[in-house]
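The primary structure of each chain is shown beneath.
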Amino acid sequence: MNYYEVKNKLSSSISKKAEVDKGVKFGENVVIKDNVKIGKDTIIGNNIIIKEDTIIGEDCIIENNSILEDTLISTSSTNGLPPLIMEDNIRIGSNVVILRGTKIGKNVSIGDLSLIKELVIINQDSVIGSGVIIDSNVLIGEAVEIGSKTYVSSDTIIEDFCNIGINVHFKKEELLVSNNKKIDENRIIVRKGSKIGSNVTILPGVTIDENVIVFDGSYVIGNLESNKIYSGNPAIEIENCN
């Protein structure tokens, strides 16, 4: 049985195959496709599209003009990817696009104008700022903060309790060694508890160890050791916190 706190507007299209729990509120021009599940007391804003198989938990808020569970990597509607899953108490800003295969944990907030691509995992209590792009196959730990206008390249791992500043750029490109042989492993890893300042650039293949601090405007070209402070272009150690 489907329940609606407000009557569906004539401009909205809600599939009969969708499962909508008690207390869910819809705005104008909402499109909900087949096999979508929406938990109780969730609020869906205006001009929202929720694609097939999406699962949304309880007490979520999805603001205006957002699209949930699209896909960019194929013209196919599903391309064999798992559905988008959103757990309870998630806040999605306006004009956000979240692609199929992504999983978002409890109490996550995603700011306006952000793009979350396929197969991203964002664990609970994390905060994603406005205008952030998170590329495919990224893993974000618990209680991570990512500042606005940051780009996180595909395959990046950001562990628990990290803080990423505004306009940070995780670069994704092919590197060449002296014999022009391509290096396939470009993954960037930011270990637990590290803090990356604003306007920092991190090159492919870099690992930033636990509890590192990188000052604003730094350019990180190599691995950074734990419990140290780095600054500059290129980023060099300026203080040992041990």
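These figures come from a predicted structure and were not determined experimentally.

Conventions we followed
Residues numbered from 1 in each chain as written. Predicted model: local features only at pLDDT ≥ 70, side-chain atom pairs only at ≥ 80, totals over all residues. Heavy atoms only, no water. Helix = DSSP H or I, 4+ residues; strand = E, 2+ residues; numbered from the N terminus. Contact = heavy atoms within 4.5 Å. Patch = residues over 30% accessible without salt bridge, like charges linked within 9 Å, V, L, I, M, F, W, Y side chains within 5 Å. Areas by Shrake-Rupley, 256 points an atom, 1.4 Å probe, with all protein chains shown as cover. Salt bridge = Lys/Arg side-chain N within 4 Å of Asp/Glu carboxyl O. Buried < 20%, exposed > 50% of the residue type's maximum accessible area, 1.4 Å probe, protein only. pLDDT = per-residue confidence, 0-100. Core = buried A, V, L, I, M, F, W, Y, C linked by side-chain atoms within 4.5 Å. Pairing = 2+ DSSP bridges.

Along the chain, the position of Tyr151 falls in strand 22 (residues 151-152). Separated by 17 residues in sequence, Tyr151 and Ile134 place their C-alpha atoms 6.1 Å apart. Setting aside residues no more than four positions away along its own chain, Tyr151 makes contact with Ile133, Asp135, Val168, His169, Phe170 and Lys172.

Judged by side-chain polarity, Phe215, Ile236 and Ile238 come together as a nonpolar surface patch covering roughly 280 Å² of accessible area. Among the residues examined, Ile238 registers a relative accessible area of 46% and is labelled partly exposed.

What follows is about the pattern of salt bridges. Inspection of every chain in the model, using the stated rule, returns seven salt bridges. Two residues, Lys172 and Asp155, come together in a salt bridge whose shortest N-O distance is 3.5 Å. Within this pair, whereas Lys172 is found in the loop between strand 25 (169-170) and strand 26 (175-176), its partner Asp155 is found in the loop between strand 22 and strand 23 (157-158), the two being separated by 17 residues in sequence. Across the pair Lys228 and Glu225 runs a salt bridge whose closest N-O atoms are separated by 2.5 Å. Residues joined by salt bridges that share partners form a network here, namely Asp53, Glu69 and Arg100.

Among the secondary structure elements, Ser15 is positioned in the loop between strand 1 (13-14) and strand 2 (19-20). By relative accessible area, Ser15 is classed as buried at 14%. Excluding residues within four positions of it along the chain, Ser15 makes contact with Ile32, Lys33 and Asp34.

When pLDDT is averaged along the protein chain, the result is 89; 86% of the residues meet or exceed 70. In the model, residues 1-8 has pLDDT below 50 throughout and makes 20 contacts with residues more than four positions away in sequence or in other chains. Counting contacts from residues 175-184, a segment whose pLDDT is below 50, to residues more than four positions away or on other chains yields nine contacts.

Take unusual backbone geometry next. Here the amide bond leading from Asn233 into Pro234 is cis, since omega sits at 0°, within 30 degrees of zero. If you trace the backbone, Pro234 turns up in the loop between strand 34 (228-231) and strand 35 (236-240). In this structure, Asn199 is a non-glycine residue whose phi angle is positive, near 60°. Among the secondary structure elements, Asn199 is positioned in the loop between strand 29 (195-196) and strand 30 (201-202).

Counting 55 residues, the largest nonpolar core has Ile110, Ile134 and Ile202 as the members making the most contacts within it. Excluding anything up to four places from it in sequence, Ile134 contacts Leu115, Ile116, Lys117, Val120, Ile122, Ile128, Ile140 and Val152.

Our focus in this paragraph is the sheet that holds strand 2. Pairing is parallel across the open sheet formed by ten strands, whose spatial order is 2-5-8-11-14-17-20-23-28-31. Of all strands in the sheet, those bounded by a partner on one side alone are strand 2 and strand 31 (207-208). The pairing of strand 28 (residues 189-190) with strand 31 spans two bridges and is parallel. Each bridged residue has a counterpart across the sheet, and for Val190 the counterpart in strand 31 is Ile208.

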